[in-house]
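Here are the chains, one letter per residue:
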Amino acid sequence: GNSFDLEDMIGIGGTMPLLETHLWNDGIPYKAIDDITIAQGTSLIVADGVTVKFPVNFSGISVFGSMSASNATFMSFIPPLEPGGDYWQAIFFWPGSSGLLENCRVEYGGSIVRQYHPDHQGDDSDPSYYLDALGNVVISGNASVTLNNVTSKHSFTSGIYVSNGSPSMQTV
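About the cut-offs
Residues numbered from 1 in each chain as written. Predicted model: local features only at pLDDT ≥ 70, side-chain atom pairs only at ≥ 80, totals over all residues. Heavy atoms only, no water. Pairing = 2+ DSSP bridges. Helix = DSSP H or I, 4+ residues; strand = E, 2+ residues; numbered from the N terminus. Axes fitted to C-alpha atoms, helices over the stretch in contact; angles between N-to-C directions. Phe/Tyr/Trp six-rings, centres within 6.5 Å; stacked < 30°, edge-to-face > 60°. Buried < 20%, exposed > 50% of the residue type's maximum accessible area, 1.4 Å probe, protein only. Salt bridge = Lys/Arg side-chain N within 4 Å of Asp/Glu carboxyl O. Core = buried A, V, L, I, M, F, W, Y, C linked by side-chain atoms within 4.5 Å. Contact = heavy atoms within 4.5 Å.

Draft legend 1. Molecular detail of the sheet that holds strand β4 (residues 43-46). Taking strand neighbours across the sheet as the criterion, the 6 strands line up as β2-β4-β7-β10-β15-β18 in an open arrangement whose pairing is parallel. Unpaired on one side and paired on the other, β2 (21-24) and β18 (168-170) mark the two borders of the sheet. Strand-to-strand twist of the sheet, defined as the mean angle between neighbouring strand axes without regard to direction, takes the value 5°. As defined by bridge partners, strand β15 (residues 144-148) adjoins β18 across 3 bridges and the pair is classed as parallel. If you follow Leu147 over to β18, its bridge partner there is Met169.

Structure follows, in structure tokens:
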């Protein structure tokens, strides 16, 4: 994996401003300092060569809008030493979202921690308000997601987890 000193990485986190397009720049390393949410109507473009690292049990990226990444790497700060330890959660594509991951690596996710929808009111009886991190990439419902030449490995659970959806996948 790419090695960068954590203090040299750009900290990212929180909900991206609505109705805007955001670009994570070419070759720059990023570290998650909080949950990352791409709101409905918002787009994130992850440029070639970007590396995003996540600390233990951070939820990763929740996509309600649109996310595209090419030749990017998403992984934990430190690879886990044993099964069950030090995994980040996932890239979550929620119902109604869209995404393209192309020539990307996604590693050491799937920590099984539950990620809640912003409208969740504390009742877990309605599964449309939560997703479990059951893979490095989690795709739910009618999310329109294309995965081309994605390497998904070292997940605590599944590499790619699809719940009630039908993403386009080629060479995964």
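Draft legend 2. Examining the packing of aromatic side chains more closely. For the structure on display, the rule yields 3 aromatic pairs. On the basis of an interplanar angle of 20° and a centroid distance of 5.1 Å, the ring pair of Phe64 and Trp94 is categorised as stacked. Within this pair, whereas Phe64 is found in the loop between β6 (60-63) and β7 (66-70), its partner Trp94 is found in the loop between β9 (90-93) and β10 (98-102), the two being separated by 30 residues in sequence. Residue class for Phe64 comes out buried when judged on its relative accessible area of 12%.

Draft legend 3. Main features of the pattern of salt bridges. Tallying each qualifying case throughout the model produces 2 salt bridges. For Glu107, the salt bridge identified is with Arg105, shortest N-O distance 3.2 Å. Given the relative accessible area of 6%, Glu107 is considered buried. By relative accessible area, which is 26% here, Arg105 ends up partly exposed. Close ionic contact of Lys153 with Glu107 constitutes a salt bridge, the shortest N to O distance being 3.9 Å. Of the two residues, Lys153 sits in strand β16 (residues 151-153) while Glu107 sits in strand β11 (residues 105-107), which places them 46 residues apart along the sequence. Counted as one network, the salt bridges with shared partners bring together Arg105, Glu107 and Lys153.

Draft legend 4. Broad picture of the nonpolar core. By size, the foremost hydrophobic cluster in this structure holds 33 residues, and its most contacted members are Trp24, Ile61, Met67, Phe74, Ile91, Phe93 and Leu101. Ranked by the residues each element gives to this core, the list is headed by strand β3 (residues 29-38), at 4 residues. Contacts of Phe93, omitting those with residues within four sequence positions, involve Val63, Met67, Ser98, Gly99, Leu101, Leu131, Val137, Val138, Ile139, Ser140, Ala143 and Val145. Of all hydrophobic cores here, the second largest spans 7 residues; its members include Phe64, Leu131, Ala133 and Val138.

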